[in-house]
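# Fold and geometry: a report
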Amino acid sequence: MARQRVFSGIQPTGNIHLGNYLGALRNWVALQADYDCIYCVVDLHAITVPQDPAAFLVERGNAAKVLLAMGVDPRRSLLYYQSRVPQHAELAWILSTIASTGQLNRMTQFKEKADKAGSNLGLYSYPVLMAADILLFRADAVPVGEDQKQHLELTRDLAERFNARFGEEFPLPEPIIPKTGARVMSLQDPTAKMSKSDPDPAGRVLILDDPATIRRRVKRAVTDSETEVRYDWEKKAGIANLMEVYSLFTGASMQQIEAEFGSGGYGRFKEAVAEAVVAGLAPFREAYDALDDAAVHRIMEEGAVAARDRAVPFMEGVFRRVGLSA
Ligand code: ATP
Ligand code: LTN
């Protein structure tokens, strides 16, 4: 039987952080063993908020390099920049003609971003482009963090509507969201998700942060006024967040963590968390330093060529369905 297909994307702006890794990228790497994986640096999505062109180009290259350093393997998976494969934008246009503005008005990420950065048409239709990314390759599954759940629902709705109107074309993609780590919280505000766009860098740990920075960030993480290490999201979100991080890097269960650190005070626990994160991220930093930019560029261009080859016949199928055949 043919392997099932996985698609996912990440925006290249800002640096990739622990939340991206634990919520999504860990799965990207792991899924390569069993799935036909297609991974995309979604630069067209990123320009929906204002960017400096020269800085953007550099950040985009760095993001690709981080993905490679983390273990996205171009021999097994497709990896490319979204803008190099024009079929993404073509399919987004077609899907936009069946997307309901009522449903787009309810997208919470749009509302949050529009409140912060101001609105534009691209930001508004962002979820339609994301649906196009996924449906272009007929993906069966999409590894993402919890914040993307609503966008995945919209994607499934668009696929269903297209299929009902024009004939069965798209499988309905399932999200792959981890049980632990699906929503890593800010180290400065455990009620908000860890985010690239948070102006306060103290809230996040970046994949490429040096050990001293990681230790400082974890040590200063906001917790609560008690002293007991206990897994309780309602009363102790800061500690629960650190427990999830520790668990993901060490494999220890919440019970084991409580047994080991329960009454030892937060200082000792935070030290252990920091060391686990430092050790867990060290191989990525090493791999990143060993990659050269020319090689990254070549990999991304080869990925785009292969992605276009696969996208063209898929897009022809869509054109035929809607009455746009050659
Ligand atoms: P941010 O909100 O951090 O500025 P983003 O969520 O808009 O970034 P991406 O960088 O494209 O966007 O996210 C890449 C992947 O990382 C997505 O699958 C997203 O769900 C996941 N992700 C982002 N933040 C977190 C988090 N705090 N915890 C878990 N997963 C996350
Ligand atoms: N919207 C996502 C990034 C993204 C994506 C995708 C994720 C764009 N296209 C396709 C999965 C599949 C975000 O902001 N994290």
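Above this text sits the structure in question.
Residues numbered from 1 in each chain as written. Chains lettered and ligands numbered in written order. Predicted model: local features only at pLDDT ≥ 70, side-chain atom pairs only at ≥ 80, totals over all residues. Heavy atoms only, no water.

Below, the discussion takes up the overall build of the protein chain. Within the protein chain, the regular secondary structure consists of 13 helices and 5 strands. Over its C-alpha trace the protein chain gives a radius of gyration of 21 Å, about what one expects of a compact globule, namely 20 Å for 326 residues. Overall, the protein chain is about 70 × 45 × 45 Å in size when its C-alpha atoms are taken along their principal axes. Counting only residues that meet the buried cut, the protein chain has 51% of its 326 residues in that class. Counting contacts in the protein chain only where the partners sit at least 6 residues apart, residues at least 24 apart contribute 76% of the total. When the accessible surface of the protein chain is totalled, it reaches about 15100 Å², and 51% of it is carbon and sulfur. (Helix = DSSP H or I, 4+ residues; strand = E, 2+ residues; numbered from the N terminus. Rg over C-alpha atoms; globule rule 2.2 N^0.38 Å. Buried < 20%, exposed > 50% of the residue type's maximum accessible area, 1.4 Å probe, protein only. Contact = heavy atoms within 4.5 Å. Areas by Shrake-Rupley, 256 points an atom, 1.4 Å probe, with all protein chains shown as cover.)

With that settled, the discussion passes to the site of ligand 1. Every one of the 21 residues lining ligand 1 counts as a neighbour, but G145, D147, V184, K193 and K196 are closest to it. Between ligand 1 and K196, the relevant distance is 2.3 Å, taken from an oxygen atom to a side-chain nitrogen or oxygen of the residue. In the complex, 95% of the free accessible area of ligand 1, which totals 600 Å², lies under the protein chains. It is helix 1 (residues 18-31) that contributes the most residues to the shell around ligand 1, 4 residues altogether. Classifying every residue of the shell around ligand 1 gives 6 nonpolar, 11 polar and 4 charged. (Near = heavy atom within 4 Å. Polar contact = N/O pair within 3.5 Å; in protein donor to acceptor, adjacent residues only side chain to side chain. Nonpolar A, V, L, I, M, F, W, Y, C, P; charged D, E, K, R; others polar.)

A separate point is the pattern of salt bridges. The full count for this structure, using the stated rule, is 18 salt bridges. D73 is the partner of R75 in a salt bridge, and the nearest nitrogen-oxygen pair spans 3.2 Å. Beyond isolated ion pairs, a larger network of salt bridges with shared partners links D224, E226, E228, R230, D232 and K236. (Salt bridge = Lys/Arg side-chain N within 4 Å of Asp/Glu carboxyl O.)

Below, the discussion takes up helix 8 (residues 149-166). Here helix 8 spans 26 Å end to end across 18 residues, near enough to the 26 Å set by a 1.5 Å rise per residue. Turning to helix 8, its buried residues number three or more, namely H151, L152, L154, T155, L158, A159, F162 and N163. Positive backbone phi, approximately 110°, marks G167, located one or two places after helix 8. (Expected span 1.5 Å × (residues − 1).)

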